[in-house]
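Summary of structural features
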Amino acid sequence: MKLNEMMDRPVVMEKIVHFLRDNLPSLSDRLTQLEHSANERRVPIIPRETAAYLDQLLTIKQPQKILEVGTAIGYSASLMAQYAPVWTIERNPVMWDEAEKTFETNQTTYPIHLLKGDAMDWLNKEELKEFGPFDVIFLDSAKAKYIEFLPLALNLLAVNGVILIDDVFQGGTIFDPIETIPRRVRNIHRKLNRLFQDVLNHPDLKVSVLPLGDGLMVITKKI
Ligand SMILES: C[S@@+](CC[C@H](N)C(=O)[O-])C[C@H]1O[C@@H](n2cnc3c(N)ncnc32)[C@H](O)[C@@H]1O
């Protein structure tokens, strides 16, 4: 899998990141196994501090249905399926094969529906609308696509639902001048900046951004 090295840089003090990753409790034996396996192989999954936040948010939110974009090996989907049925979209066959194995061997409280293919296709499908609306939508995939996914996700969101968008800080470089950004990640940089502008200036959205991992954007609709 292609790694985006910008995301590996801590966006808060390194000692704080280490403290959180060493001390926040892991969520279950199975999730810990999956976390170790992903970390050993450098498969990008949500870090411990984001997992702890997601787990707590879902406890409070008590969702009926959850949608995820970006399954990878099924770590965050397995976590979220402790709270509600999860529909999760993955376009990479190597990843979806592994996720299928994860879901076969992993007992979750609620079912996980793996949707194979590109998120842009799925988010436009009537079929997905019929599965929804979703109380929590977690976008954790190609960063340059978030700007296009957001309006589609808003259409699938339940009343009082929440959209979470992971890895929005590009290792803290997101607001640096474009000339200082390596050429190969300039498109991501531009598109994430547009995402910030769109959500911060959107009259109908409430936004907060948490410095967990490489930044987690939290979006709700104003009531
Ligand atoms: C960061 S990983 C997901 C990690 C997972 N959410 C977790 O924490 O366990 C991103 C995944 O998104 C998938 N992906 C990227 N762009 C996508 C797209 N447009 N449609 C579907 N999947 C996509 C990649 O193949 C990769 O497996």
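The following refers to the structure shown. (Residues numbered from 1 in each chain as written. Predicted model: local features only at pLDDT ≥ 70, side-chain atom pairs only at ≥ 80, totals over all residues. Heavy atoms only, no water.)

Here we come to the side chain of Thr 71. Within the secondary structure layout, Thr 71 lies in the loop between strand E1 (66-69) and helix H4 (75-80). Side-chain polar atoms of Thr 71 contact the backbone oxygen of Ile 89, separated by 3.3 Å. Here Thr 71 is in contact with Thr 88, Ile 89, Glu 90, Ala 99, Phe 103 and Leu 114, once residues within four sequence places are set aside. (Helix = DSSP H or I, 4+ residues; strand = E, 2+ residues; numbered from the N terminus. Polar contact = N/O pair within 3.5 Å; in protein donor to acceptor, adjacent residues only side chain to side chain. Contact = heavy atoms within 4.5 Å.)

The omega angle of the peptide bond from Gly 132 to Pro 133 is -5°, so this bond is cis rather than trans. In this model, Arg 42 sits at a positive phi of 60°, which is unusual for a non-glycine residue. One can find Arg 42 in the loop between helix H2 (29-40) and helix H3 (48-61). Positive phi outside glycine occurs at Gln 62, with the angle close to 45°. Mapped onto the fold, Gln 62 is located in the loop between H3 and E1. Overall, Gln 62 belongs to the exposed group, its relative accessible area being 61%. (Buried < 20%, exposed > 50% of the residue type's maximum accessible area, 1.4 Å probe, protein only.)

The final tally for this structure, using the stated rule, is four aromatic pairs. Seen from their ring centres, Trp 87 and Phe 131 are 5.7 Å apart, and the 25° between their planes marks the pair as stacked. Of the two residues, Trp 87 is situated in strand E2 (residues 86-90) and Phe 131 in helix H7 (residues 126-131); the sequence distance between them amounts to 44 residues. Taking the relative accessible area as the measure of exposure, Trp 87 reaches 9% and is therefore buried. Between Trp 87 and Phe 134, the aromatic rings sit 5.7 Å apart at their centres with planes inclined by 70°, giving edge-to-face as the arrangement. (Phe/Tyr/Trp six-rings, centres within 6.5 Å; stacked < 30°, edge-to-face > 60°.)

This part is about the site of the ligand. Taken together, 22 residues sit near the ligand, with Gly 70, Ser 76, Glu 90, Ala 119 and Asp 140 positioned nearest. Interatomic distance of 3.5 Å between a backbone N/O atom of Tyr 75 and an oxygen atom of the ligand. Between the ligand and Arg 91 there is a distance of 3.2 Å, counted from a nitrogen atom to a backbone nitrogen or oxygen. Contact with the protein chains hides 95% of the accessible area of the ligand, taken as 610 Å² for the molecule alone. Looking at the shell around the ligand, the elements with two or more residues in it are H4 and E2. (Near = heavy atom within 4 Å. Areas by Shrake-Rupley, 256 points an atom, 1.4 Å probe, with all protein chains shown as cover.)

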